[in-house]
Amino acid sequence: MTTDPRRFIPKMDEILQYPAVQDAQHRLAPHSVRAIIDAVLADARRGSLAPSQIEGELADRLEVAQPHSLRRVINATGVIIHTNLGRAPLPPAAVDALVAAAGYTDVEMDLDSGQRSRDRGRAAIDAVLAACPGAEDALVVNNGASALLLATAALAPGKEVIISRGELIEIGAGFRLPELIESTATRLREVGATNRTHLADYERAMGEDTGAILKVHPSNFVISGFTSSVSVAELRALTDLPLIVDIGSGLLSPDNALPAEPSASEALRDGADLVLFSGDKLLGGPQAGVLVGQKEAIAACKKHPLARAVRIDKLRLNALEASLATYSNAVQDALHIDPQRHRERTEKVAAAVGGEVVEHAGRVGGGGAPEVPLPGWAVALPEELARPLRLGEPPVVARVNQGRCLVDVRCVPEAQDAELIAALRAVI
């Protein structure tokens, strides 16, 4: 007869006295520690772990355990605003702002009077207005979809909003803007065709039940060929109805690198009452929905009951302000990377790991400037390295294309080049 080794699995009281378990209880919640213990004991009961190895295995797992699960990765895809990787990194000033706002703050208190402040988020709004001088006022909400929902509900309550059929957009994860808008009492009136909409289409559709006109920039796709659309200026000349313009990507002023991308300043100049955009795209800040425009239009949005439901938190308010007030951010750095330096860094990485330097066009990503290539370079490696690179420490996410694993340093801060090379060498 042989003794079943599982009889030697220690009891829970004994395990809880292990030094590694005692240390972990000072930084992890009790249920988190218990889940790790249960997982190790399950391995022991299945026979894949000897009872004598339990304490060591527990120590190893508890040492690397963190109270959060998201991991930092190196974005070597060449896609600047990478939705699957959390868009773009915040500038250092915004990271500091998040930390500063994590504790008690004066977000809704006037420290001078000691009374509740009615000017929540004023500093962030002032930062938006300073960066977008054509706006009379601004409002910051939870995200871009929230901004659109609030704008249409506030400016056209119970009425129709006219929109071109070519601008009925589906955004990420299957969310469709028409369905979002119609989730309130607002109704959509579609005009024109998918590829061509004319000013006369809007004019014929307007009536007593029209509450506003909505123009949405199709930032995540391109229709080319036999097409036409109506500009903001033309719509403004047509009617005095509220004109809402959703530019999506958050470009505040024209950028030569993205000549076809509309900006907030241009839309306001051309007569938009409200301009909507995201905070975490070309703006380079945290997730947010920003509304800028006429005082009356912003006031209507602030008074609407939905404004409370889509309110942004103090952390992102502070981070947005810092993102607008700092000198640069990761989006602008990657978008306007020096071509010669891009090539030199790519050659350095290739020489260190034995890869080939090839031409590679990056992308803006995040539903911004679709089909606009950003000429550059990448290190070409065997395709089979892509998965182990993603599973390495730190994870490196590269682009797989035409049987190659392409490593592009466009979105990698130069200070991380040595870390990138080490991660590539570890896998190769």
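Residues numbered from 1 in each chain as written. Predicted model: local features only at pLDDT ≥ 70, side-chain atom pairs only at ≥ 80, totals over all residues. Heavy atoms only, no water.

**Concerning the UniProt feature "domain: L-seryl-tRNA selenium transferase N-terminal" (unreviewed entry) in the protein chain**
Test applied: UniProt positions are given in the numbering used here, feature names are shortened, and annotations may be inferred rather than shown by experiment. Numbering goes from the N terminus for both helices and strands, where a helix is a DSSP run of H or I of at least four residues and a strand is a run of E of at least two.
Here, UniProt's "domain: L-seryl-tRNA selenium transferase N-terminal" (unreviewed entry) annotation points to residues 6-45. Secondary structure content for residues 6-45 is 65% helix and 0% strand, and the end C-alpha separation is 6 Å.

**Describing the sheet that holds strand β12 (residues 377-382)**
For clarity, the threshold we go by: Following DSSP output, two strands are said to pair if at least two bridges run between them. Axis definition: a line fit to C-alpha positions, over the contact stretch in the case of helices; interaxial angles, taken between N-to-C directions, run 0 to 180 degrees.
One open sheet holds the 5 strands; their spatial order is β1-β13-β14-β12-β11, and the pairing between them is mixed. Here the strands that pair on one side only, and so sit at the sheet edges, are β1 (74-76) and β11 (356-359). Pairwise comparison of adjacent strand axes, ignoring direction, gives a mean angle of 40 degrees for this sheet. As defined by bridge partners, strand β13 (residues 396-401) adjoins strand β14 (residues 404-407) across 3 bridges and the pair is classed as antiparallel. Looking at β14, one finds that V400 is bridged to C405.

**Focus: the UniProt feature "modified residue: N6-(pyridoxal phosphate)lysine" (unreviewed entry) in the protein chain**
Mapped onto this numbering, the UniProt entry annotates "modified residue: N6-(pyridoxal phosphate)lysine" (unreviewed entry) at K281. Structurally, K281 can be placed in the loop between β9 (274-278) and β10 (289-293).

**Side note on the packing of aromatic side chains**
Basically, it comes down to this: The criterion for an aromatic pair is that two Phe, Tyr or Trp rings (for Trp, the six-membered ring) have centres within 6.5 Å, with stacked assigned to planes under 30 degrees apart, edge-to-face to planes over 60 apart and tilted to the rest. Our definition puts a charge over a ring when NZ of Lys or CZ of Arg is within 6 Å of the ring centre and also within 35 degrees of the ring normal.
For the coordinates displayed, the defined rule picks out 0 aromatic pairs. Seen from the ring of W377, R343 lies directly overhead, with NZ or CZ sitting 4.1 Å from the centre.

**Overview of the layout of surface pockets**
Heads up, the rule is: Cavities and pockets were defined on a 1 Å grid built over protein atoms only: a cavity is a set of grid points that admits a 1.4 Å probe from which the probe cannot escape, a pocket is an open set flanked by protein on both sides within 12 Å along at least five of seven lines, and lining residues are those with an atom within 4 Å of any such point. Grid points are joined across faces, edges and corners, and a volume is the space filled by probe spheres set on the points.
Within this model, the largest pocket holds a volume of roughly 980 Å³. Lining the largest pocket are 32 residues; nearest its centre among them are V73, A88, P89, L90 and A330. Contributing elements (two or more residues each) for the lining of the largest pocket: β1 and α15 (330-335). Counting residues per element, the lining of the largest pocket draws most heavily on α15, which supplies 4 residues.

**Some remarks on the side chain of S263**
Convention followed: For this analysis, a polar contact is any N or O atom pair within 3.5 Å, provided that within protein one partner can donate a hydrogen and the other can accept it, and provided that sequence-adjacent residues contribute only side-chain to side-chain pairs. Here, two residues are considered to be in contact whenever any of their heavy atoms come within 4.5 Å of each other.
Within the secondary structure layout, S263 lies in the loop between β8 (243-248) and α11 (264-269). At 3.3 Å, the side chain of S263 and the side chain of S265 are in polar contact. Residue contacts for S263: discarding those within four places in its chain leaves I247, L251, L252, S253 and P254.

**Remarks on the pattern of salt bridges**
Which entries qualify depends on this criterion: Put simply, a salt bridge is a Lys or Arg side-chain nitrogen that is within 4 Å of an Asp or Glu carboxyl oxygen.
The final tally for this structure, using the stated rule, is 27 salt bridges. Between E108 and R120 there is a salt bridge, and its shortest N-O distance comes to 3.0 Å. Of the two residues, E108 sits in the loop between α5 (92-100) and β2 (109-110) while R120 sits in the loop between β3 (115-116) and α6 (122-131), which places them 12 residues apart along the sequence. Of the charged contacts in the structure, one is a salt bridge between R316 and D313, with a shortest N-O distance of 2.6 Å.

**A closer look at the packing of α6 against helix α14 (residues 314-325)**
Keep this limit in mind: Roughly parallel refers to an angle under 35 degrees, roughly antiparallel to one over 145, roughly perpendicular to one between 65 and 115, and oblique to any angle outside these ranges. Left-handed describes a crossing in which the near helix is turned anticlockwise from the far one by less than a right angle; the clockwise case is right-handed. Under the scheme applied, nonpolar residues are Ala, Val, Leu, Ile, Met, Phe, Trp, Tyr, Cys and Pro; charged residues are Asp, Glu, Lys and Arg; polar residues are all the others, including Gly.
The contact between α6 and α14 brings their axes to 8 Å, and the two run at 30 degrees. Between α6 and α14, the angle is such that the two are roughly parallel. Like other packed secondary-structure pairs, α6 and α14 cross with a definite hand, here left-handed. Every residue of α14 that contacts α6 at A123, A124, A127, V128 and A131 is listed here: L317, L320, E321 and L324. Here the contact of α6 with α14 is composed, by residue class, of 8 nonpolar, no polar and 1 charged.

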